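Reading the structure
As a plain string of letters, each chain reads:
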Amino acid sequence: KAGVTQTPRYLIKTRGQQVTLSCSPISGHRSVSWYQQTPGQGLQFLFEYFSETQRNKGNFPGRFSGRQFSNSRSEMNVSTLELGDSALYLCASSSEYNEQFFGPGTRLTVL
Amino acid sequence: GENVEQHPSTLSVQEGDSAVIKCTYSDSASNYFPWYKQELGKRPQLIIDIRSNVGEKKDQRIAVTLNKTAKHFSLHITETQPEDSAVYFCAASTRFNNNDMRFGAGTRLTVKP
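Please read these numbers as outputs of a predicted model, since none were measured by experiment.

Digging into the packing of aromatic side chains
All names here are of chain B. Across all of its chains, the model carries 13 aromatic pairs over all chains by this definition. Considering the side-chain rings of Tyr-25 and Phe-73, the 6.0 Å spacing of their centres and the 55 degrees angle between planes classify their relative orientation as tilted. A residue pair is termed long-range when its members are at least 10 positions apart, and Tyr-25 in strand E3 (residues 19–25) and Phe-73 in strand E8 (residues 72–77) qualify at 48 residues. Neither Tyr-25 nor Phe-73 differs from the other in exposure class; each is buried. Geometrically, the ring pair formed by Trp-35 and Phe-73 is edge-to-face, given 5.6 Å between the ring centres and 70 degrees between the ring planes. Pair noted here: Trp-35 is in strand E4 (residues 32–38) and Phe-73 is in strand E8, with a separation of 38 residues, a long-range link. Taken individually, Trp-35 and Phe-73 each receive the classification buried, so the pair is uniform in this respect.

Here you go:
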């Protein structure tokens, strides 16, 4: 099976812009979770989607949003970017047994 | 919500020694506890996991133990090798088949040859 893929791998934006990141899960996985990883904060849970519905949500402001499509692919969007949003954004797809497999991540730099 | 604490934040051992990383969790409903290894510039990789219905699980040089009463779980790596050097994350999930995974802050393990 192909692994989790994320696009783009690298992104540079300026403050105030918005960005959309994409994640394609492992075939057959219906759950997609998103995380923000920064050196100081570790892996922070953003949200999880299952069957096109947001099932869980972390403690991030409303500027962070996401969605999932019928083929389980997921996107996350960050509006009005701030310098502090610079991070590695990881998505993970899950089997029915909770095991999460991570994608390579999208490294977002906000200037 | 769930809160996972991980110790130590850094760990340095000599090649061949054992390494132990400990995590505690707050929600007694947590029932799934994975461990991830993240090498520099790479994605986290699942290395072992344990569910709340067992107390210990082994996979070659890696073992995980779970104490539900005390709400803590540990990763044990024996006969460490330089390639074990990485950041290790523990995590806890409160509901089966419902991913609200919370991660510890990570432990940077360095194995000196």
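Let's pick the thread back up.
Some words on the sheet that holds strand E1 (residues 5–7) of chain A
Residue and element names in this part refer to chain A. Read across the sheet, four strands follow the order E1-E3-E8-E7 without closing on themselves; strand pairing throughout is antiparallel. Looking at which strands have only one partner, the edges of the open sheet turn out to be E1 and strand E7 (64–68). Averaged over all neighbouring strand pairs, the angle between strand axes comes to 20 degrees, with direction disregarded. Alignment of E7 against strand E8 (residues 74–78), held across five bridges, turns out to be antiparallel. Across the sheet, Ser-65 pairs through a bridge with Asn-77, a residue of E8.

Concerning the interface of chain A and chain B
With 23 residues of chain A at the contact, the number on the chain B side is 19 residues. Summing both sides of the interface, chain A and chain B together bury roughly 1,800 Å²; the carbon and sulfur share of this comes to 47%. Looking at the side of chain A facing chain B, the largest losses of area belong to Leu43(A), Asn98(A) and Phe102(A), adding up to 33% of the total buried there. Taken together, the connections running from chain A to chain B amount to zero salt bridges. At the boundary of chain A and chain B, one finds three residue pairs in polar contact (both at pLDDT 80 or more). Every element with two or more residues in the side of chain A that touches chain B is listed here: strand E4 (31–38), strand E5 (42–50), strand E6 (53–57), strand E9 (87–94) and strand E10 (100–102) of chain A. Per element, the largest residue contribution to the side of chain A that touches chain B is four residues, and it comes from E4(A). Of the residues contributing to the side of chain A that touches chain B, the split by class is eight nonpolar, 10 polar and five charged.

Notes on the side chain of His29(A)
Residue and element names in this part refer to chain A. Relative to the helices and strands, His-29 resides in the loop between strand E3 (19–24) and E4. Of the residues examined, His-29 reaches a relative accessible area of 9% and is grouped as buried. Side-chain polar atoms of His-29 contact the backbone nitrogen of Ser-94, separated by 3.5 Å. His-29 has contacts with Ser-72, Ser-93, Ser-94, Ser-95 and Phe-101, leaving out every residue within four places of it along the chain.

Description of the state of the cysteines
The term disulfide refers to a covalent linkage connecting the sulfur atoms of a pair of cysteines. Scanning all chains against the criterion turns up two disulfides over all chains. In this model, Cys23(A) is linked to Cys91(A) through a disulfide, with the two sulfur atoms separated by 1.9 Å. Disulfide Cys23(A)-Cys91(A): torsion about the S-S bond near 70 degrees, hence right-handed. You can see Cys23(A) sitting in strand E3 and its partner Cys91(A) sitting in strand E9, a full 68 residues away along the chain. In this model Cys23(B) forms its disulfide with Cys90(B); the gap between the sulfur atoms is 1.9 Å. Its torsion about the S-S bond being -100 degrees, the disulfide of Cys23(B) and Cys90(B) is classed as left-handed. Residue Cys23(B) is located in strand E3, and its partner Cys90(B) is located in strand E9 (residues 86–92); the two are separated by 67 residues in the primary sequence. There is no split in this pair, since Cys23(B) and Cys90(B) are both buried.

The rules we used
Residues numbered from 1 in each chain as written. Chains lettered and ligands numbered in written order. Predicted model: local features only at pLDDT ≥ 70, side-chain atom pairs only at ≥ 80, totals over all residues. Heavy atoms only, no water. Phe/Tyr/Trp six-rings, centres within 6.5 Å; stacked < 30°, edge-to-face > 60°. Helix = DSSP H or I, 4+ residues; strand = E, 2+ residues; numbered from the N terminus. Buried < 20%, exposed > 50% of the residue type's maximum accessible area, 1.4 Å probe, protein only. Pairing = 2+ DSSP bridges. Axes fitted to C-alpha atoms, helices over the stretch in contact; angles between N-to-C directions. Contact = heavy atoms within 4.5 Å. Buried area = accessible area lost by both parts, 1.4 Å probe. Salt bridge = Lys/Arg side-chain N within 4 Å of Asp/Glu carboxyl O. Polar contact = N/O pair within 3.5 Å; in protein donor to acceptor, adjacent residues only side chain to side chain. Nonpolar A, V, L, I, M, F, W, Y, C, P; charged D, E, K, R; others polar. Disulfide = S-S within 2.5 Å.

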